[in-house]
Amino acid sequence: MAVCARLCGVGPSRGCRRRQQRRGPAETAAADSEADTDPEEERIEAGAAALAGAGGGRGAGPSPPPRCSLLELPPELLVEIFASLPGTDLPSLAQVCTKFRRILHTDTIWRRRCREEYGVCENLRKLDITGVSCRDVYAKRINPRVKSGRFMKILPDYEHMEYRDVYTCLLHRYRHILGLWQPDIGPYGGLLNVVVDGLFIIGWMYLPPHDPHVDDPMRFKPLFRVHLMERKSATVECMYGHRGPHNGHIQIVKKDEFSTKCNQTDHHRMSGGRQEEFRTWLREEWGRTLEDIFHEHMQELILMKFIYTSQYDNCLTYRRIYLPPSHPDDLIRPGLFKGTYGSHGLEIVMLSFHGKRARGTKITGDPNIPAGQQTVEIDLMHRIQLPDVESLRSFNELSRIVLEVREQVRQEQQQREEDGAEDGEGRAPQSPREPQRGPAQPSVELPAEKGGGPADGEAAAAAAPAPEQPAQSGQGQPFVLPVGVSSRNEDYPRTCRMCFYGTGLIAGHGFTSPERTPGVFILFDEDRFGFIWLELKSFSLYSRVRATFRNAEAPSPQAFEEMLKNIQSLTS
Ligand SMILES: [Zn+2]
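Residues numbered from 1 in each chain as written. Predicted model: local features only at pLDDT ≥ 70, side-chain atom pairs only at ≥ 80, totals over all residues. Heavy atoms only, no water.

The protein chain goes by F-box only protein 31 in an unreviewed UniProt entry, where it is assigned to Panthera leo. The UniProt entry for the protein chain carries this comment under Subcellular location (unreviewed entry): "Cytoplasm". What the UniProt record of the protein chain gives under Pathway (unreviewed entry) is the line "Protein modification; protein ubiquitination." (UniProt positions renumbered as here; feature names shortened; annotations may be inferred.)

This is the structure we're talking about:
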């Protein structure tokens, strides 16, 4: 900020230097010697200059060196300049002098900061009733005080609200909670997206569509909102339950962690008691009634989830999650997917790429495999060539092919261990191909073989599946599930691009005796993949979550890896 307040010109130091160059050498030297002045000193200097300017006393006393002062610029230009600076710099700018302070009261400066830094697009003065939230659907349902789809005057008086207050007391104050989060809610996890929505900060819980419709869009419900009820103080409201917003609290525990608390949990209760609460929850969560769900085990699971999750009463701790970084060489774009998990219903899985492996990490979970765990791991070095559709109908045939690859993977690993090579993620397998495994080879395509000779860095590069490969291997190979493999959704794609060997994590209730078991990863298209769990004789279908998320990129690939490790360790 000191640079901007310097009295030699407008904007960044480069502008200053050019101006300096036009001056005489002596003046330049003087200006350069000033370059190290303390910002505090500069403020005082600027303040003094302002006073001198205001008093018109320029001629009095020893004449100051002729300089083009920022203070001499017309106010409208200063507004323009200040509006282009980061909002966080503006308070210190206000301390420079009274003129600056006065100019910083101009609300268009803050309006622009709200828009550019937080995406606020509403015009407060013309805030139309329906424009309060772009998802007013929820408001009609959630807020009982909303009549005929219009907000009543229960909303704060936006007529007199200033963008400066919105910026400082709402957006800046709560900036650390924007983005994607996973609640700590036992094995179940979840996906919370905190966004600036109109003049609110809203925490939307994203829910998968109803089982088994993986291609349907995600559903969301608001868990809390923050807004300015009064000019200078933000109000947090709990949105849980069906009786409208009520008093809540948010505590930012530490970086990348915050918790919410409801201060009026009686608002979550329904007149019909637990019965009614359960039925309402069931209708929302599953889109049906308990009578519709004939499967006894499934009924138990559903009831257990209700009892477990409702006890939190929206008092939850959240940990930040990032979307996976993507790379042009990735098999498909990484991201979030909705997947079928048998009796557990649909769950949210994050697909990410790690050199020669791809991973599916659970963002939501269940009592068997909790959120945070790696549900599937795909070995991108071992493709599986499916037999023709007729042979594919035979489960035994598929099983034979997969188990052969597993054996091969095991031998390669053993070889690597004997060679003392690190099992680095980005490296190609070090073992030479085993020539004695003749008959098994046709069903397995090993990209590394193309290189011939011992695998080195180059072979590793060649081994990474190039995005062009699907076309070359037949973009639309017929696919059908083997007889006996159960699928929640009969509506799975009947052609696939390619398949890989993979492992899927299975465990007993309570995540007991977890075990990675062999399976087949089937890539259908850019937005859908499947996994055949060989031991379970079951098939999961995954479909991309198409929502766009702001403030969800990992600051670095390391930060992403760290995040994955953290969420996994919490439920291990
Ligand atoms: Zn509440």
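Let us keep going from here.
Caption draft 1: Region of interest: the overall build of the protein chain. Within the protein chain one finds 17 helices and 20 strands. Here the protein chain holds 572 residues, and the buried ones make up 50% of them. Taking all contacts inside the protein chain whose residues are at least 6 apart in sequence as the whole, residues at least 24 apart take part in 62%. If you sum the accessible surface of the protein chain, you get close to 27,200 Å²; carbon and sulfur atoms cover 53% of it. (Helix = DSSP H or I, 4+ residues; strand = E, 2+ residues; numbered from the N terminus. Buried < 20%, exposed > 50% of the residue type's maximum accessible area, 1.4 Å probe, protein only. Contact = heavy atoms within 4.5 Å. Areas by Shrake-Rupley, 256 points an atom, 1.4 Å probe, with all protein chains shown as cover.)

Caption draft 2: Layout of the packing of aromatic side chains. Applying the stated criterion across every chain, the model contains 26 aromatic pairs. By the ring-pair criterion, three or more aromatic residues cluster together here, those being Phe 337, Tyr 341, Phe 500, Phe 521, Phe 529, Phe 531, Trp 533 and Tyr 542. The residue whose ring lies beneath Arg 494 is Tyr 492, and the NZ or CZ to ring-centre distance is 3.8 Å. In this structure, Lys 537 packs its charged tip against the face of Phe 395, placed 4.5 Å from the ring centre. (Phe/Tyr/Trp six-rings, centres within 6.5 Å; stacked < 30°, edge-to-face > 60°. Lys NZ or Arg CZ within 6 Å of the ring centre and 35° of its normal.)

Caption draft 3: Examining the coordination of the zinc ion more closely. Protein-derived ligands of the zinc ion are Cys 238 (SG), His 246 (NE2), Cys 262 (SG) and His 268 (NE2), with the metal-ligand distances lying across 1.9 to 2.2 Å. Donor residues for the zinc ion, ordered by position in the chain, follow C-x7-H-x15-C-x5-H. One end of the pair, His 246, is in strand β6 (residues 246-254); the other, Cys 262, is in strand β7 (residues 257-262), and 16 residues separate them in sequence. Relative accessible area serves as the criterion here: at 4%, His 246 is assigned to the buried category. (Donors = N, O, S within 2.8 Å, 3.2 Å for Na, K, Ca; no water.)

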